[in-house]
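A closer look at the structure
One-letter residues, chain by chain:
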Amino acid sequence: MHTTTTRTLAVAAALTLGLTLASCSAGNSSSDAGASSSTSAASAHNDQDVMFAQMMLPHHKQAVEMSDMLLAKGSGVDTGVTDLAKQIKAEQSPEISQLTSWLKGWDEPTESEHSGMGHSMSGMMSDSDMNDLDQASAKDAAKLYLEQMVQHHKGAVDMAKTEVDKGKNTDAVAMAKSIVSSQTEQITQMQDMLASL
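Residues numbered from 1 in each chain as written. Predicted model: local features only at pLDDT ≥ 70, side-chain atom pairs only at ≥ 80, totals over all residues. Heavy atoms only, no water.

**Details of the overall build of the chain**
Note the cut-off: We count a stretch as a helix when DSSP gives it H or I for four or more residues in a row; a strand needs E for two or more, and each element gets its number in order from the N terminus. Think of it in three bands: with a 1.4 Å probe and only protein chains considered, a residue is buried below 20% of the maximum accessible area for its type, exposed above 50%, and partly exposed in between. Any two residues whose heavy atoms approach within 4.5 Å are treated as being in contact. The protein chains shown are the only cover counted for residues, whose accessible areas, like all others here, come from Shrake-Rupley with a 1.4 Å probe.
Secondary structure summary: the chain contains six helices and zero strands in total. Listing each helix as α and each strand as β along the chain from the N terminus yields α-α-α-α-α-α. Sorting the 197 residues of the chain into buried and exposed places 37% on the buried side. Taking all contacts inside the chain whose residues are at least 6 apart in sequence as the whole, residues at least 24 apart take part in 81%. Accessible surface for the chain amounts to roughly 10700 Å². Of this, 56% is attributable to carbon and sulfur atoms.

**Observations regarding the pattern of salt bridges**
Counted only if it meets this: Salt bridge criterion: a side-chain nitrogen from Lys or Arg within 4 Å of a carboxyl oxygen from Asp or Glu.
If you walk through the whole model with that rule in mind, you get two salt bridges. In this structure, K89 and D68 form a salt bridge, with 2.6 Å as the shortest nitrogen-oxygen distance. Placement of the pair is K89 in helix α3 (residues 79-105) and D68 in helix α2 (residues 47-71), with a sequence separation of 21 residues. K89 sits in the partly exposed class, given a relative accessible area of 25%. On the basis of relative accessible area, D68 is assigned to the partly exposed category, the value being 35%.

**Comments concerning helix α6 (residues 170-196)**
This is how it is decided: Here a helix's expected span is defined as the number of its residues, less one, multiplied by 1.5 Å. Definition of a polar contact: a pair of N or O atoms within 3.5 Å, with one able to donate and the other able to accept a hydrogen when the atoms are protein atoms, and with sequence-neighbouring residues admitted only if both atoms are side-chain atoms.
For α6, with 27 residues, the first-to-last C-alpha span of 39 Å sits near the 39 Å given by 1.5 Å per residue. Listed in full, the buried residues belonging to α6 are A172, V173, M175, A176, I179, V180, Q183, Q186, I187, M190 and M193. Next to the buried residues of α6 lie α2, α3 and α5 (138-166). Among the residues of α6, the N-terminal cap falls to N169, whose side-chain oxygen and the backbone nitrogen of D171 are separated by 3.1 Å.

**Some thoughts on α2**
Over its 25 residues, α2 extends 36 Å from the first C-alpha to the last, a length consistent with the 36 Å expected when each residue adds 1.5 Å. Summarising burial for α2: 18 of the 25 residues are buried, a large majority. The backbone nitrogen of Q48 lies 3.2 Å from a side-chain oxygen of the residue at the head of α2, namely N46.

**What about the packing of aromatic side chains?**
Heads up, the rule is: Ring geometry is summarised as follows: Phe, Tyr and Trp rings, the Trp one being its six-membered ring, pair when their centres sit within 6.5 Å, and such pairs are stacked at plane angles under 30 degrees, edge-to-face over 60 and tilted between the two.
For the structure on display, the rule yields one aromatic pair. Measuring from centroid to centroid gives 6.2 Å for W102 and W106, while their planes differ by 15°, and the two rings are stacked. Here W102 and W106 have matching classes, each one buried.

**A word on the nonpolar core**
Heads up, the condition is: The set of buried Ala, Val, Leu, Ile, Met, Phe, Trp, Tyr and Cys residues whose side-chain atoms join them within 4.5 Å is what this entry labels a nonpolar core.
Of all hydrophobic cores here, the largest spans 44 residues; its most connected members are F52, M56, V81, L99 and Y145. Contributions of two or more residues to this core are made by α2, α3, α4 (127-135), α5 and α6. Among residues more than four places away in sequence, those in contact with V81 are L70, A142, Y145, L146 and M193.

**Some details on the packing of α5 against α6**
Selection criterion: Structural elements are reduced to axes, namely lines fitted to C-alpha atoms, with helices fitted over the stretch in contact, and the angle between N-to-C directions of any two is expressed from 0 to 180 degrees. Reported orientations rely on four angle classes, namely roughly parallel under 35 degrees, roughly antiparallel over 145, roughly perpendicular from 65 to 115, and oblique for the rest. If you view the pair so one helix is near and one far, a crossing is left-handed when the near helix is turned anticlockwise from the far one by less than a right angle, and right-handed when it is turned clockwise.
Remark: α5 packs on α6, axes separated minimally by 8 Å, with the N-to-C direction vectors making an angle of 155°. Between α5 and α6, the crossing angle belongs to the class labelled roughly antiparallel. Here α5 runs over α6; the crossing is left-handed.

**Points about unusual backbone geometry**
At D107, a residue that is not glycine, the phi angle is positive and equals roughly 60°. Of note, D107 is situated in the loop between α3 and α4. Residue classification places D107 among the exposed positions, given a relative accessible area of 70%.

**Considerations on the environment of K143**
By the element assignment, K143 lies in helix α5. For K143, a relative accessible area of 44% puts it in the partly exposed group. Distance in space between the C-alpha atoms of K143 and L197 is 7.2 Å, their sequence separation being 54 residues. Once you skip the residues sitting within four places of it in the chain, K143 turns out to touch L194 and L197.

Listed below in structure tokens is the structure:
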């Protein structure tokens, strides 16, 4: 009886070890494949990809900053607008990390002469616009946020369309297509919200 229990435990332990090793080696082989594909993807890019990443980075950061300003207003803001601000943050924050990662992988600076254009860049808010949003009451902030974000999104969509047409890096072009799709949809949503406020 004792021998059978020991043998059963030994078999169970061997199976567990085997499964653990199999999952580890499967994990390693997929991460190796991921590394090699990202290396080849990193080498396949052009100046347009670099410009797209360098310009979209501060653009996204400002959208997150605008969303944070609105969310800081608290419960006095229309809940539909706060939900949208949370969605915009949730979508754009990971893209900020991805854009930064690509630029580093391409040995390019995360800022360029293009981002030096700052607020004249497509759809960017001026310091005055940002201050207006920061100082607005909870009631007024919802409308102001939507008006500003419509303009902001239109600028992002224009930049993303240029990337889709002229970019070379498949991952960057895929992100650009996603931005065109999601932000065009959000522009319509925000215009509808503005009409009902």
